[in-house]
Amino acid sequence: MKGLALIVRYILIILLAIIILAFAIVNISSSTILSKDYALSKLEETEYYSGIYQEIEKNFKNYIDQSGLEEEVMNNVITEDKVKNDVNIMISNIYDGKNEEIDVAEIKTNLNNNIDEYISKQQGVKADKDAIEKYIDKICEQYKSTMTHTDYEQQINNAYMKIMKYINLGNKGILIAMLVLIIVIFALCHNRLFKGISSVGISILSSGVFLTIANIFVNTNVKINTITILNGPITKSLRLILNDIMSVIAKYGYWMLAIGIVLIILGNLMDSIKYKEEE
Amino acid sequence: MHNNYFGKTLKATILNIIVALFITGIIIGAIYLLANKQIEEGISLISKVSIDMENKEPTEDMKLTTEDNRISNYPEYGTQYATIKIPKIDVDLPVYYGDTLDIIKGARVGHAGGSYFPGEGGSIIYMGHNSTKVFRRFSELQKGNEIEVKTDYGDFKYKIYDMQIVNEDEPEKLPIQKDKEILMIYTCYPFVYIGYTTQRYVVYAELVE
């Protein structure tokens, strides 16, 4: 009977370790990549807005050579504030489920005015109204694609909402499961309360070791600082977020290692003192 | 008495740590069994978008193998690998591998990805802007004019045999084939125009040397 209780206790310790890991993963993801405030703070930190503004200006200038126009027509077509506002619209579309379109009317008007002014200074150059409109539409398309890089904001938001729903439900479930497992583990330790403490310590230590190993594994196999996607500002932000998540995982791992060892030592020490006294 | 507590505690602690490590092993083993393939795929996907600029291995020189007319060590996308000369219109420009607007900005010629390289015996597609620095004077070209392409692995001479104005949605006018080495160079048409042009002026040349 005693042996069976011991086996059941160890199975519950394994389950508790898995539940603690799930709790850590849910908390890490909801406080980082799944948080809108976190995403916005990281974009600020990497100076994403000014980076993407420069990227857009550079892309606009790439369209100059083929248009027969001069670079001056791109002057004051967009502002950094407009870019910041549009990035925030995109972030809201993803995180808040809004379906707001990026407005390019201001860009169209500015570009039209600049081109009209340029044409009025030229002589003997063919300028077809349709071709100019088509050119302006291309520039606006380019702006939109550099801003969003995806046509799937709505789908991303749907997936995000689903994840958040499961996370909120899961979090409650995880906490209840954790509490139940701890109570049962303590109950299986009979009168030796401190053995229960060291058992919980084993679970926390296992989770801590797992997170530490996972962190080492990712850092060895994935070179985060060489990941390059789409353009400079996106790459910079992505690298920062991934590095940040890894350092949060490492922090959770170290804390769990420390708490686990303290609980194990404390539980065993108190248990041996109490056991001796009872003897 | 104290030594006794300490010894017991130490023994139990060591045992508990071993159990904790064992449990971690069980969890890792389970993950390995269940998701090993997915983890490997994830790592390989990430390594595909990783560019290590600091520890980049130097690229080997391009070579043309004579047996099968294939290039070994293709140039990196966005890098210069040749120069093009069209003496008739005073063109002497660098050729970059790639066809994005960023690659062909300024006075550069781009090489369309997917087309063959000089010497490979197929269709080669080059493009450049119609600005004065690049192909503005294309209208002056005539049948029989020469085009020279110099690469690190050899020099190639082509002779113009046709010129055509095509629409941007007519890719069949720039066919990819490997029966004959043809150099096709296009630029936006009309040459002096404001706005988005939907036509292209294509110069066709065949390999002579």
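Residues numbered from 1 in each chain as written. Chains lettered and ligands numbered in written order. Predicted model: local features only at pLDDT ≥ 70, side-chain atom pairs only at ≥ 80, totals over all residues.

Caption draft 1: Quick look at the overall build of chain A. Within chain A, the secondary structure is distributed over 9 helices and 0 strands. Listed N to C, the secondary structure of chain A is α-α-α-α-α-α-α-α-α in terms of helices and strands. A compact globule built from 279 residues should have a C-alpha radius of gyration of about 19 Å, whereas chain A, at 29 Å, is more than 25% larger. When burial is assessed residue by residue, chain A has 24% of its 279 residues classed as buried. A sequence separation of at least 24 residues applies to 84% of the contacts in chain A between residues at least 6 apart. (Helix = DSSP H or I, 4+ residues; strand = E, 2+ residues; numbered from the N terminus. Rg over C-alpha atoms; globule rule 2.2 N^0.38 Å. Buried ≥ 20, exposed ≤ 12 C-beta atoms within 10 Å, placed from the backbone. Contact = placed C-beta atoms within 7 Å.)

Caption draft 2: Just helix H3 (residues 48-62) of chain A, in detail. Residue and element names in this part refer to chain A. Between its terminal C-alpha atoms H3 stretches 21 Å, which fits the 21 Å expected from 15 residues at 1.5 Å a residue. Within H3 the residues assigned to the buried category are Tyr48, Ile52, Tyr53, Ile56 and Phe60. Across the axial projection of H3, the buried residues extend over an arc of 130 degrees, all falling on one side. (Expected span 1.5 Å × (residues − 1). Arc of directions from axis to C-beta.)

Caption draft 3: Examining the environment of Glu45(A) more closely. Residue placement: Glu45(A) occurs in helix H2 (residues 36-45). For Glu45(A) and Ser237(A), which are 192 residues apart along the polypeptide, the C-alpha to C-alpha distance reads 8.3 Å.

Caption draft 4: Just the environment of Gln199(B), in detail. Residue and element names in this part refer to chain B. By secondary structure assignment, the location of glutamine 199 is in strand S10 (residues 199-207). Under the C-beta neighbour-count criterion, glutamine 199 is labelled partly exposed, with 15 such atoms within 10 Å. A sequence separation of 30 residues divides glutamine 199 from aspartate 169, and the C-alpha atoms of the two residues are 8.6 Å apart. If we skip the residues at most four places from it in the chain, glutamine 199 touches Ile165, Val166, Asn167, Glu168 and Tyr189.

Caption draft 5: Broad picture of the interface of chain A and chain B. Tallying the contact residues gives 44 residues for chain A and 34 residues for chain B. No other element matches the 9 residues that helix H8 (residues 193-221) of chain A contributes to the side of chain A that touches chain B. Of the residues belonging to the side of chain A that touches chain B, the class tally is 24 nonpolar, 13 polar and 7 charged. (Nonpolar A, V, L, I, M, F, W, Y, C, P; charged D, E, K, R; others polar.)

Caption draft 6: Highlighting the domain arrangement of chain B. What the domain assignment lists for chain B is domain 1 (1-50) and domain 2 (63-207). For domain 1 of chain B versus domain 2 of chain B, the distance between C-alpha centres works out to 59 Å. (Domains from an automatic or database assignment.)

Caption draft 7: Spotlight on unusual backbone geometry. Cis geometry is adopted by the peptide bond preceding Pro190(B), which originates at Tyr189(B) and carries an omega value of 0 degrees. Secondary-structure assignment places Pro190(B) in the loop between strand S9 (182-189) and S10. You will see that Glu47(A), though not glycine, has its phi angle at about 55 degrees, which is positive. Positioned with a positive phi, Asp90(B) is a non-glycine residue whose angle comes to about 55 degrees. Here Asp90(B) lies in the loop between strand S3 (80-86) and strand S4 (91-97). The exposed category is assigned to Asp90(B), around which 9 C-beta atoms lie within 10 Å.

Caption draft 8: Seen up close, the sheet that holds S3(B). Residues and elements named next belong to chain B. Pairing is mixed around the closed barrel formed by 8 strands, whose spatial order is S3-S4-S5-S6-S9-S10-S8-S7. Neighbour-to-neighbour, the strand axes of the sheet open up by a mean angle of 30 degrees, direction not taken into account. In this sheet, S9 lies alongside strand S6 (residues 123-127) in parallel orientation, the contact comprising 5 bridges. The residue bridging isoleucine 124 from the neighbouring strand is leucine 183, located in S9. (Pairing = 2+ DSSP bridges. Axes fitted to C-alpha atoms, helices over the stretch in contact; angles between N-to-C directions.)

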